[in-house]
Amino acid sequence: MSAVVLGVDLGTSAVKVLAVDQSGTVVAEQSVGYDLQQPQPGYSEQRPEDWVTGVTQAIQQLISNDHLNPDDVQGISYSGQMHGLVLLDAAGQVLRPAILWNDTRTTPQCHEIERVLGDKFIEITGNRPLEGFTLPKLLWVKENEPEIWAKAACFVLPKDYVRYRMTGQLAMDYSDATGTVLLDVKTGQWSQTICEQLGIPQRLCPPLMKSVDFAGNLTPKYARAAGLSLTTKVYGGAADNAAGAVGAGILSEDKVMASIGTSGVVLKYEDNPNTNYHGVLQFEDHAFPDKYYSMGVTLAAGYSLSWFKKTFAPDVDFKTMVESAGQSTVGANGLIFTPYIVGERAPYADADIRGSFIGIDGTHQRYDFVRAVLEGIIFSFKDLMQIYEQHGSQFKTVVAIGGGAKSPLWLQIQADIFNHPVVSLENEQGPGMGAAMIAATGLGWFDSMEACAQTFVHYGKVYEPIAAHVAAYQQVDQVYRQVYPQTKGMSAALMAYRRAD
């Protein structure tokens, strides 16, 4: 086997490690799952040690099961779930379970950030304070666990902790640092203003590094545990969305990524740090040095489809259910679905809004409901793309990844609703491929990640908008956009009733 790099994709439910050669071919991969703890409603935590164990086991399986030669592994880099808080003491020991990106306990802390800093916060970070970000989690620990807070010497994010355990070096890359909302996106430094006004000691903030920066070699202890060579070089890595964008070839402003996982993401490459979406869209540092990306998140994209299948089509396999939508029509025979079944983040930051089917008729069949769900998810993405259009952003192509890229029907629906060509990847591996590309570039296999993408990223069929479908969907979209303001008050009242019950 020839030289390879390892792309470590540290997700919320599992870690996947890819071995990728110099042609961009995935020669082997292994995944290891781990548990999520939810000690109270709204809490979401994990044991950082489980991540380290999972990564180590996946590497061991690459060596034992796939016969990967440890001496062929030249470099390692990472993609990591964003925003999760890992607190360390002065000895580098974990002080408490990590508080994850999908933990929602920090609403009071978000309100406190808004009260103290107001619009200044958006000016500094490019973002609004949301429960998912790291800073509100720090404030929660400070206010609710003072004995732990007193011992805290540093915080890192999930992939940074794994890298620390592999190399002995503490650091955080810029793409994850922006997701803490403690970084000044214009200066590229931890914000002294935010730290001082919110009582966060700046000594807690780790050193910063670029995604392609050399982070160190493996420690002898870790090399022995994983079975790797001491000569293996380790590189910084990136937040999962940044790594996913790298792996999808989102390297210029003429492409937008539409990713459907449990949540959904619309992501766009940005050149200018002064771009201002007023916090409606998140603004982050990219894995590319001195480049950026913006993104909007719809909380229940793929989850809406999974919920529908589990609830209304448990006897049908997923592919068959999705394909059944082809029996319906453009616009689902007049049925509209809004995918707000767990609240929404963008463009409506509303924890109380809930989803709905509008226009139910006695003639509707299950396949109409399936199509309405597929279309409703994409209409929520179109809401995000319209923000770009309102800011004068131009893009030519949408790169679809995740669940929305696995169905030709759904890809065509995307092209028709977006009114842009949509393309999927021939070799989609998600953020893990982006992590591998970071390692390959750091090693010097390529002069830049753009050059790496020419070899590693391959696009498949292009789905062109169908004019008649575009016109029909534009009419449906006008109705779809009225549903949120019409149901907002009703959803809030029903949620209040459920809480009181």
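Anything mentioned here points back to the structure above.
First, a word on scope: everything that follows refers to the structure included in this document. (Residues numbered from 1 in each chain as written. Predicted model: local features only at pLDDT ≥ 70, side-chain atom pairs only at ≥ 80, totals over all residues. Heavy atoms only, no water.)

**A word on the pairing of strand S22 (residues 397-402)**
Okay, so step 1: Counting buried residues in S22 gives five out of six residues, a clear majority hidden from the surface.
Okay, so step 2: Inspection of the sheet shows S22 paired to strand S23 (residues 422-425) by three bridges, in the parallel sense. When the sheet's bridge partners are listed, Val-399 is paired in S23 with Val-423.
Okay, so step 3: Between the parallel elements S22 and S23, the chain passes through helix H14 (residues 408-418) in a crossover that is right-handed. (Buried < 20%, exposed > 50% of the residue type's maximum accessible area, 1.4 Å probe, protein only. Helix = DSSP H or I, 4+ residues; strand = E, 2+ residues; numbered from the N terminus. Pairing = 2+ DSSP bridges. Right-handed = clockwise from strand over helix to strand, strands pointing away.)

**Describing the nonpolar core**
Okay, so step 1: With 51 residues, the main nonpolar core has Leu-374, Ile-377, Ile-378, Phe-381, Trp-410 and Phe-418 as its most contacted residues.
Okay, so step 2: Those elements that place two or more of their residues in this core are strand S16 (255-260), helix H11 (302-312), helix H12 (318-324), strand S20 (336-338), helix H13 (366-390), S22, H14 and helix H17 (467-500).
Okay, so step 3: Broken down by element, the residue count for this core peaks at 13 residues, all from H13.
Okay, so step 4: In contact with Trp-410, not counting residues within four places along its chain, are Ile-260, Leu-305, Leu-374, Ile-377, Ile-378, Gly-403 and Gly-404.
Okay, so step 5: If you look at the next biggest cluster of nonpolar residues, it comprises 42 residues, including Ala-239, Val-246, Ala-248 and Leu-267. (Core = buried A, V, L, I, M, F, W, Y, C linked by side-chain atoms within 4.5 Å. Contact = heavy atoms within 4.5 Å.)

**Here we look at the pattern of salt bridges**
Okay, so step 1: This structure, assessed with the given rule, holds 17 salt bridges.
Okay, so step 2: Of the charged contacts in the structure, one is a salt bridge between Glu-45 and Arg-96, with a shortest N-O distance of 3.3 Å. Placement of the pair is Glu-45 in strand S4 (residues 45-46) and Arg-96 in the loop between strand S6 (86-88) and strand S7 (98-99), with a sequence separation of 51 residues.
Okay, so step 3: Judged by relative accessible area, Glu-45 falls into the buried class, the value being 8%. (Salt bridge = Lys/Arg side-chain N within 4 Å of Asp/Glu carboxyl O.)

**Some points on the sheet that holds strand S17 (residues 264-270)**
Okay, so step 1: The mixed open sheet is built from seven strands, whose spatial order is S18-S19-S17-S16-S22-S23-S24. The open sheet has two edge strands with one neighbour each: strand S18 (282-285) and strand S24 (459-463). If you compare each strand with its neighbour and ignore which way they point, the axes differ by 25° on average.
Okay, so step 2: Pairing of S17 with strand S19 (residues 292-298) involves seven bridges; the strand directions are antiparallel. Within S19, the position partnered with Tyr-269 by the bridge is Tyr-293.
Okay, so step 3: Its contacts with the sheet place H14 against S16, S22, S23 and S24, and it is angled at close to 145° to S23. (Axes fitted to C-alpha atoms, helices over the stretch in contact; angles between N-to-C directions.)

**Overview of the layout of surface pockets**
Here the idea is plain: a probe the size of a water molecule rolls over the atoms and shows the empty space left.
Okay, so step 1: In this structure, the second largest pocket spans a volume of roughly 200 Å³.
Okay, so step 2: Forming the boundary of the second largest pocket are 16 residues, of which Tyr-174, Gly-188, Asp-285, Asp-290 and Tyr-292 lie nearest the centre.
Okay, so step 3: Residue composition of the lining of the second largest pocket, by class: six nonpolar, five polar and five charged. (1 Å grid on protein atoms, 1.4 Å probe; cavity = no way out; pocket = protein on both sides within 12 Å on 5 of 7 lines; lining within 4 Å. Points joined across faces, edges and corners; volume = space filled by probe spheres on them. Nonpolar A, V, L, I, M, F, W, Y, C, P; charged D, E, K, R; others polar.)

**Some details on empty space enclosed by the protein**
Okay, so step 1: In this structure the tally under the stated criterion is two cavities of 30 Å³ or more.
Okay, so step 2: Lining the largest cavity we find 13 residues, and of these Leu-130, Gly-279, Val-280, Leu-281 and Gln-282 sit closest to its centre.
Okay, so step 3: Looking at which element gives the most residues to the lining of the largest cavity, the answer is S19, with three residues.
Okay, so step 4: For the lining of the largest cavity, a count of residues per class yields seven nonpolar, four polar and two charged.
Okay, so step 5: Estimates place the volume of the second largest cavity at around 30 Å³.
Okay, so step 6: In terms of lining residues, the second largest cavity is bounded by Gly-247, Leu-425, Asn-427, Glu-428, Gln-429, Gly-430, Met-433 and Phe-456.
Okay, so step 7: Among the residues making up the lining of the second largest cavity, the classes are represented as three nonpolar, four polar and one charged.

Remember that the coordinates give geometry; whether it matters functionally is a separate question.
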